[in-house]
Amino acid sequence: QEGIAFGTLVLETSVGGFLIQVQGEGVPNAYRAKPLLEVKVPMGLMFQPQLELFNPFDHVLKIKEVFTNEGFLHLMLPKIPTPRKPGDPSSVTMYDGDVWEVKPHRSNKFINLSFHGTNPGKHTGFVHVRTDVDTLVIPVEVHVIKGGIHRLPELLDFETLTSAKARKEVTLSLLNSTPLPVAITDVVISSPDPHLQIIFKRGSVVLAPNAEGPVATVVYMGKSEGQFSGTLIVRTNDTVAANKVVEVPYKATVLYGSITYSEDNTSFPVGNSPYETIEKTIVITNKFSLPLQLFTASVEETAFQVSGLGVDVVVQPNEQAPPITLRFTPDVEHTLFSTALSLHTNVSVLRIPITAYHGKLSVNPGGGAGVDFGTLGLNVRKTRVLKVTNPNPVAVSITGFQGPSRKVASLSVKLQDVRDKEGNAVAEEAKGRALRKLLAGEKGFDGWALKPGHTLSLRVDVHCTAEEEVAEAVTFSTDAETVTTSITYQSLVGSLTLSPLSVKFPPTFAGQVLREPVYATSTFKTALKMHSIVSNDTRVSFFLANITLLPAVRTYVGDVLIDPSRGKTEDDYMASSVWTGAVGDGMARKGDVELQAETDAVFQSLVARGAHEIWAELRMDTGVMLNTLNVRASLGRTEMLSPAHKGFAFNLTQVGRAAALSIPISNPSSRPVFVQLLLPPGANGARELPCKSEETCVDKSVFLSPLSLMTGVTLPPNSEGLLGPVYFVPKRQGVHHASLYLRTNLTFLQILPV
């Protein structure tokens with residue numbers, strides 16, 4: 001491990017024993033080989049890490065031999081996925097001989113370890129790696145655990161933060177090796193630390209049995225210099241006392257400082273193909289208050305080669321390091337990208353941004369398509385936006401602009417805005433004199449600089465008053481290229497008439513889908529195509545049946561559909577907002593009556609503010625014409641009783657005799673509806689069970705229905721059915737009244753007077 005270590009050497013001789021104190025310091029090695037220590041593996045699982053080696057030299061590093069003397073460790077060649085070949089059932093092949101040769105300032109994954117955790121306890125060993133330069137010994141320490149909750153990693157190391165604004169995020173994970181799921185209830189710090197922030201959401205983390213998972217994100221900020229350490233407390237819901245609290249130590253170093261270098265040597269302008277190799281030299285200066293030890297320098301992108309830095313170079317404060325040479329060989333895939341030169345030091349991994357760029361602009365629409373308005377009707381206004389973006393990490397100077405001919409009165413190109421890479425409008429850029437001169441086509445000035453990531457937007461407007469065919473273009477010139485974007489359109493005489501001109505639906509409700517057909521007649525000489533139909537209300541849509549509209553033919557375009565269930569959730573006054581399922585004892589609940597009152601209040605609120613009226617527009621764009629179809633409807637309540645039955649009356653019945661009456665019901669919606677006949681709630685909400693049979697009904701009450709007939713029925717869409725029967729057995733002379741309930745997943749509760 002890195003850092004200072006102490007120990008005692010015991011020397012036994014014939015005259016007695018001697019104790020010798022020893023001390024050493026571990027530092028990062030130039031090969032970036034790290035020990036595998038304090039690895040925890042649940043019993044019965046596999047642990048298969050890859051070992052990686054970095055070449056710090058300017059020449060190829062050859063790996064001669066890899067071996068271990070430990071019986072619990074197995075070595076395997078790594079595998080990489082390869083494209084599947086026709087007729088080849090396998091998509092995986094082994095590395096070739098290149099695995100044993102590490103290119104200068106590159107890394108190779110050269111061997112896989114395999115360990116099976118069969119026996120609990122600590123397993124220690126070594127992996128020996130012999131190269132043509134050095135021999136490395138990599139310690140391996142694996143703990144096979146059975147039961148318990150364990151921290152991963154053992155220590156949260158935030159390493160070194162080098163500025164007051166620096167922040168480092170580390171994921172805190174736990175390994176649950178118990179047979180049951182474990183919930184994380186809280187993550188806190190044992191003592192206050194103003195530099196540390198814990199991002200944890202209570203109730204969101206549950207660890208599966210024998211699994212590892214992230215628990216929280218811990219952020220450390222470089223607010224002040226120093227070396228800091230502490231402990232995080234993780235609480236769980238595990239019933240075992242030892243697993244209720246897991247302590248996780250952390251450490252961080254805040255050391256202000258930096259390295260300086262010439263930024264001109266960190267950017268690589270790429271010319272046109274065939275590409276040439278570009279070489280630049282970077283000299284860094286140590287601005288830390290302590291000596292800076294440079295272990296390695298590397299760039300991940302394979303298009304770069306790094307050389308010039310020796311092994312374990314020490315740079316004193318305010319002194320310069322030996323030059324580092326970067327050789328960049330562009331190709332088709334490496335003309336515009338960003339990467340970093342990584343310097344592994346005794347302070348931290350310091351990164352110098354490296355950019356490669358082609359200096360070209362991105363024009364949208366581009367790729368040869370240009371701005372094509374297609375065919376337009378007369379007096380129809382159309383607008384497109386032409387966007388010019390600078391994808392380069394440096395500003396690009398636009399030295400020239402040529403707009404469309406001024407003789408084309410129906411076409412204009414004007415500045416819309418300039419926006420930064422976040423999409424925010426930059427007013428000062430749009431109002432600048434240089435940009436106005438550029439768009440005016442003035443000569444004799446240096447051009448206008450489009451900043452990195454910024455976008456120049458031009459509004460292209462077309463308004464034709466006579467038939468014409470136009471093919472114009474706009475051209476941008478830079479030092480790297482000339483970009484031309486075409487603008488084309490054709491205008492024709494004609495009209496497109498919709499039938500009906502507007503659509504009015506009858507009153508409807510959530511659960512019912514209504515539709516009306518729409519026709520169109522075109523007087524244009526050529527066929528039109530429906531490009532898009534857009535609604536301004538989610539409840540109104542269009543089913544497009546025919547895209548092509550032929551000249552002088554009344555064509556069925558499609559159907560307008562209205563579906564009120566696609567409205568706002570807070571405006572739902574139907575049963576879907578309160579439905580809890582069927583009732584099993586035949587009695588309506590007092591709570592259901594209160595929920596019905598809430599849905600009634602929602603509907604009354606809609607009516608009060610006029611939101612029950614639907615006014616929508618469908619904008620139908622053929623590219624030639626833009627037609628608007630107005631759609632109107634109103635929301636209302638609906639009934640589950642058949643339209644002819646709003647109440648039910650029994651015929652004259654003698655005292656002591658029984659009469660039966662079935663209840664006709666109707667499903668007016670476009671989906672199946674469950675309907676159930678229920679008795680009203682008892683006094684003060686107390687439930688009185690209905691009769692269990694027809695005989696009991698006759699003996700017990702004036703109006704009742706057997707429980708077997710109150711389980712409910714499901715009506716298909718737009719169908720009718722019967723409920724009941726309800727029995728009337730008068731015990732005395734006179735007029736008798738009662739109220740039953742229809743409970744449905746459409747209207748919820750509806751009173752049925754009898």
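Keep in mind that what you see is a predicted model, and the values were worked out from it rather than measured. (Residues numbered from 1 in each chain as written. Predicted model: local features only at pLDDT ≥ 70, side-chain atom pairs only at ≥ 80, totals over all residues. Heavy atoms only, no water.)

K.L.:
What is the right way to read the overall build of the protein from this model?
P.N.:
A tally of helices and strands in the protein yields 5 helices and 58 strands. Relative to the compact-globule value of 27 Å for 754 residues, the protein shows a C-alpha radius of gyration of 40 Å, a clear excess of over 25%. Referenced to the eigenvectors of the C-alpha coordinate spread, the extents of the protein come out at roughly 125 × 95 × 60 Å. Residues counted as buried form 42% of the 754 residues belonging to the protein. Considering only contacts within the protein whose residues lie at least 6 apart along the sequence, 71% involve residues at least 24 apart. (Helix = DSSP H or I, 4+ residues; strand = E, 2+ residues; numbered from the N terminus. Rg over C-alpha atoms; globule rule 2.2 N^0.38 Å. Buried < 20%, exposed > 50% of the residue type's maximum accessible area, 1.4 Å probe, protein only. Contact = heavy atoms within 4.5 Å.)

K.L.:
I'm lost on the side chain of Asn 627 in this one. Help?
P.N.:
Turning to its location among the elements, Asn 627 is positioned in strand β51 (residues 626–634). For Asn 627, a relative accessible area of 11% puts it in the buried group. Only 2.9 Å separates the side chain of Asn 627 from the backbone oxygen of Leu 496, close enough to count as a polar contact. Once residues within four sequence positions are removed from consideration, Asn 627 is found in contact with Leu 496, Leu 498, Leu 618, Arg 619 and Met 620. (Polar contact = N/O pair within 3.5 Å; in protein donor to acceptor, adjacent residues only side chain to side chain.)

K.L.:
Mind showing me how you'd approach helix α4 (residues 590–608) here?
P.N.:
Think of an α-helix as turning once every 3.6 residues; residues three or four places apart then point the same way. With 19 residues, α4 extends 27 Å between its outermost C-alpha atoms, agreeing within 8% with the 27 Å of an ideal straight helix rising 1.5 Å per residue. Among the residues making up α4, those that are buried are Asp 592, Gln 596, Thr 599, Phe 603 and Leu 606. Along the long axis of α4, the arc covered by the buried residues comes to 70°, so they all point the same way. Summarising the geometry of α4, the exposed residues directed more than 90 degrees from the buried face are Gln 604 and Ala 608. Residues of α4 that are buried in the fold lie against β57 (739–744) and β58 (748–753). Following α4 by one or two positions, Gly 610 has its phi on the positive side, about 75°. (Expected span 1.5 Å × (residues − 1). Arc of directions from axis to C-beta.)

K.L.:
Explain the nonpolar core to me, please; I cannot follow it from the model alone.
P.N.:
Within soluble globular proteins, side chains that are nonpolar tend to cluster in buried spots. Val 560 and Ile 663 are the most contacted members of the largest nonpolar core, which totals 55 residues. It is strand β50 (residues 613–621) that contributes the most residues to this core, 4 residues altogether. Contact partners of Ile 663, with chain neighbours within four places excluded, come to Leu 641, Phe 648, Leu 677, Gly 721, Leu 722, Leu 723, Val 726 and Leu 752. Ile 278, Leu 309, Val 315 and Ile 324 belong to the second largest nonpolar core, which has 30 residues in total. (Core = buried A, V, L, I, M, F, W, Y, C linked by side-chain atoms within 4.5 Å.)

That is the geometry; function is a separate question.
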